[in-house]
Amino acid sequence: MVSINPMSRIEGHLDIKTKVHKGLITKAWSSGTLFRGIESILKGRDPSEAPPLTQRICGVCPVSHALASTLCLERALNLSDRIPGNARIIRNLILGANFIQSHVLHFYHFAVLDYVDIRAVAAYPGNDPDLKSVKRFLDRGVLAPFAPRYEGDYRLTKEANIRAIKHYIEAFDIRRKAHEMLAIFGGKAPHQCGIVPGGVSVKPTMDKKVDVYNRLREIREFIDDVYLPDVIHITKCYTDYFEKKHGGGCGYFLSYGAFDLMDGASETNGEKRLMQRGLTDRSLACEALDISKITESVKHAWYKEKKNHSTFVDSGKTPTPGSDGGTTPDPDKPGAYSFIKSPRYNGRAAEVGPLADVLVNLAANHEPTRKIVSEVFEKLGMDRRDGRHVVRRLISVMGRNIARAIESKLVAEAMTDWIDALTPGEPFYTPPETPRKYEDGAFFGLTGAPRGALGHWMTIQNGAIAHYQCISPTTWNASPRDNHGVSGPMEQALEGLPVRDGSNPFEIARAVRAFDPCLACAVHVFDPGEAITGERRVL
Ligand code: NFE
């Protein structure tokens, strides 16, 4: 057995166990080790408390949680098709800023150190203040967060390593600018207060447009001149990680779509979005989303089976199993090994995230996505005309990192158009009736988050929250086995992965980090009196 617990440089606490036979992983178990209680905390509260509270699930994707719960509220307030155009655009800008911040964070501050040897800076002879400060840091001998580390097969030249370390530092500044963009319309970051039922709370003005535009221009330059070239260069050095045998996974992909492009409710506007809604597979077959096919198994999760499975639906609007899940922990449950449940689509494990978003867009013939994918493959020196070849390569460890950069470019380019389309002086908010009259019923809100498809299900009874369920992206990706014994997408991606040395399993770290897991989105309430210890065990 080779085990990594906790997996570092991700969000939250993840325990990965694998069985390795003759240098290949034969079985994998992904375990979320903390319990999330946000859904239980929401019970009995006023529905308007859902967006601010669910945002606190996570500091990395709070915008998506706020948006998902706001979409629930707008359904309950019958406001969904009365969201002004300015509000739709400002929501896109807030969400877009968060996507970019999160993607840059993932690549530079989580993943890149799996491929770049930070110690190369020790021999740096120059005068760049950023690099000199990293060098001083290494010289002091206090190496966290850079060490301890697995000793990977670092393949970049000394110059390329040093260049990448410089970009590691620059990426902090880019993330700050993305946070500032978010705060211009969101009021503050990361937990914004701009998205409210009925629209947004901040009016668009010319100076705000200019403030966002100036930051976006710099961020776009970084994506084009630094982020994408770095991903491409690292991929060229690690082409073996750009193949199916390195992290292929379940081969089935789900996206709820994100960034509405037309006014009115998402469900009634012809579903025009930047990121499309739907499912696809290795053949890029297009499948429409039917949310009644989303189920959750807790067979191997530390939760009590919910006895009453009668879905509460009063208005016929949302007959979905998502509204029916329970959150009662059962930490001694036999056979369970995770606080993450097992969401399934039509009984199948489905991967979510930038790779799924890009593939669903390709399946839907989304031209801007196809163009960026084609440019990236051209720069990689790989055949970009054979669609099957492109897909085969993308469904891999490095493909997930590339897809994240592609999505960043797609979103950043679209944001420029959205800024142009904002109209100062036009409405940005449709006030709900006062006092608020929430319909009783089960309501859902689906959106995209940086890590993929995010759904909230809110049941309202007598004006209060009777039940709440979130199925976050990492719940899909890092899920344990389901009631049929089918492994989750990350577990499947690990199965078959080569591991050269069980005492130094850097391949596992690379494969898991490529999913950008956020266990904080899956687990939330813990006893701070209990020590959390790190360990890597080779059993
Ligand atoms: Ni905590 Fe999240 C994103 C959501 S992942 S980061 O993106 O929702 O489960």
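About the cut-offs
- Residues numbered from 1 in each chain as written.
- Predicted model: local features only at pLDDT ≥ 70, side-chain atom pairs only at ≥ 80, totals over all residues.
- Heavy atoms only, no water.
- Helix = DSSP H or I, 4+ residues; strand = E, 2+ residues; numbered from the N terminus.
- Rg over C-alpha atoms; globule rule 2.2 N^0.38 Å.
- Buried < 20%, exposed > 50% of the residue type's maximum accessible area, 1.4 Å probe, protein only.
- Contact = heavy atoms within 4.5 Å.
- Areas by Shrake-Rupley, 256 points an atom, 1.4 Å probe, with all protein chains shown as cover.
- Lys, Arg positive; Asp, Glu negative; His and termini not counted.
- Charge placed at Lys NZ, Arg CZ, Asp CG, Glu CD.
- Expected span 1.5 Å × (residues − 1).
- Bend = angle between axes of the 7 residues up to and from the residue.
- Salt bridge = Lys/Arg side-chain N within 4 Å of Asp/Glu carboxyl O.
- Axes fitted to C-alpha atoms, helices over the stretch in contact; angles between N-to-C directions.
- Parallel < 35°, antiparallel > 145°, perpendicular 65-115°, else oblique.
- Left-handed = near helix turned anticlockwise from the far one by under 90°.
- Nonpolar A, V, L, I, M, F, W, Y, C, P; charged D, E, K, R; others polar.
- Pairing = 2+ DSSP bridges.
- Donors = N, O, S within 2.8 Å, 3.2 Å for Na, K, Ca; no water.
- Tetrahedral: all angles 85-135°; square planar, octahedral: opposite > 155°, others 65-115°.
- Near = heavy atom within 4 Å.
- Polar contact = N/O pair within 3.5 Å; in protein donor to acceptor, adjacent residues only side chain to side chain.

Draft legend 1. Seen up close, the overall build of the protein chain. Along the protein chain, the regular secondary structure elements total 14 helices and 15 strands. Since a compact globule built from 539 residues should have a radius of gyration of about 24 Å, the 22 Å found for the protein chain is in line with a globular shape. Each principal axis of the C-alpha atoms in the protein chain carries an extent, and together these give about 65 × 60 × 50 Å. In the protein chain, buried positions account for 60% of the 539 residues. Within the protein chain, contacts between residues separated by at least 24 positions form 76% of all contacts whose residues are at least 6 apart in sequence. Surface exposure of the protein chain reaches about 20300 Å², of which carbon and sulfur atoms provide 52%. Both charge centroids of the protein chain, one from 70 positive and one from 64 negative side chains, sit 3 Å from each other.

Draft legend 2. Quick look at helix H6 (residues 158-186). Helix length check: H6 (29 residues) gives 41 Å between terminal C-alpha atoms against 42 Å at 1.5 Å per residue, within 8%. Along its length, H6 reaches its greatest deviation from straightness, about 25°, at Ile169. Gly187 occupies a position one or two residues after H6 and carries a positive phi of about 90°.

Draft legend 3. Local environment of the pattern of salt bridges. With the rule as written, the count across this model stands at 33 salt bridges. In this structure, Arg88 engages Asp263 in a salt bridge whose closest nitrogen and oxygen atoms are separated by 2.6 Å. Linking Arg88 in helix H4 (residues 85-111) with Asp263 in the loop between strand S7 (258-260) and strand S8 (273-275), this pair joins segments that are 175 residues apart in sequence. For Glu413, the salt bridge is made with Lys409, and the minimal N-O distance between the two is 2.6 Å. Of this pair, Glu413 and Lys409 both sit in helix H11 (residues 397-421), four residues apart, which is roughly one turn of that helix.

Draft legend 4. How the structure looks around helix H8 (residues 354-363). Of all 10 residues in H8, 10 are buried; the element is thus mostly enclosed. Here H8 has its buried residues at Pro354, Leu355, Ala356, Asp357, Val358, Leu359, Val360, Asn361, Leu362 and Ala363. One or two steps after H8, the chain reaches Asn365, where phi turns positive at roughly 55°.

Draft legend 5. Expanded view of the packing of helix H7 (residues 206-237) against H11. Contact geometry for H7 and H11: axes closest at 10 Å, N-to-C directions at 160°. The angle between H7 and H11 falls in the class roughly antiparallel. Crossing handedness for the pair H7 and H11: left-handed. Grouping the constituent residues of the contact of H7 with H11 by class yields 14 nonpolar, four polar and seven charged.

Draft legend 6. Looking closely at the pairing of strand S12 (residues 441-449). By the criterion of burial, S12 is predominantly enclosed, with nine of the nine residues buried. Neither face of S12 is open: one carries Gly441, Phe443, Gly445, Thr447 and Ala449, the other Ala442, Phe444, Leu446 and Gly448, and all of them are buried. Here S12 runs beside strand S13 (residues 452-461); their pairing, made up of nine bridges, is antiparallel. Considered in S13, the bridge of Ala449 is made with Gly452.

Draft legend 7. Molecular detail of the coordination of the nickel atom of the ligand. For the nickel atom of the ligand, the full set of protein donor atoms is Cys58 (SG), Cys518 (SG) and Cys521 (SG), at a range of 2.1 to 2.4 Å. Seen from the nickel atom of the ligand, its four donor atoms lie at angles of 98 to 116°, and the figure they make is tetrahedral. All donor residues of the nickel atom of the ligand come from one chain, and their arrangement in sequence is C-x459-C-x2-C. If you look at the nickel atom of the ligand and the iron atom of the ligand, they sit 3.2 Å from each other and are both ligated by Cys521. Note that Cys58 is positioned in the loop between helix H2 (50-55) and helix H3 (62-76) and Cys518 in the loop between helix H14 (506-513) and strand S15 (535-538), a separation of 460 residues in sequence. Exposure remark for Cys58: the relative accessible area of 3% places this residue in the buried category. Owing to a relative accessible area of 0%, Cys518 belongs among the buried residues under this scheme.

Draft legend 8. Just the coordination of the iron atom of the ligand, in detail. Coordination sphere of the iron atom of the ligand, protein contribution only: Cys61 (SG) and Cys521 (SG), at 2.4 to 2.7 Å. Its four donor atoms give the iron atom of the ligand angles of 78 to 168° at the centre, a pattern that matches the irregular case. Residue classification places Cys61 among the buried residues on the basis of a relative accessible area of 3%.

Draft legend 9. Inspection of the packing of H4 against H11 at higher detail. Look at H4 against H11: their axes get within 9 Å of each other, and the N-to-C directions meet at 150°. With respect to H11, the element H4 is oriented roughly antiparallel. Crossing angle aside, the handedness with which H4 passes H11 is left-handed. Seen from H4, the contacting residues are Ile89, Asn92, Leu93, Gly96, Ala97, Phe99, Ile100, His103 and His106; seen from H11, they are Asn401, Arg404, Glu407, Ser408, Val411, Ala412, Met415, Trp418, Ile419 and Ala421. Of the residues belonging to the contact of H4 with H11, the class tally is 11 nonpolar, six polar and two charged.

Draft legend 10. Quick look at the site of the ligand. As a structural note, the neighbourhood of the ligand is formed by Cys58, Cys61, His65, Ala449, Pro450, Arg451, Leu454, Ser472, Pro473, Thr474, Cys518 and Cys521. In the model, an oxygen atom of the ligand is placed 3.3 Å from a nitrogen or oxygen of the Pro450 main chain. Considered class by class, the residues forming the shell around the ligand number eight nonpolar, three polar and one charged.

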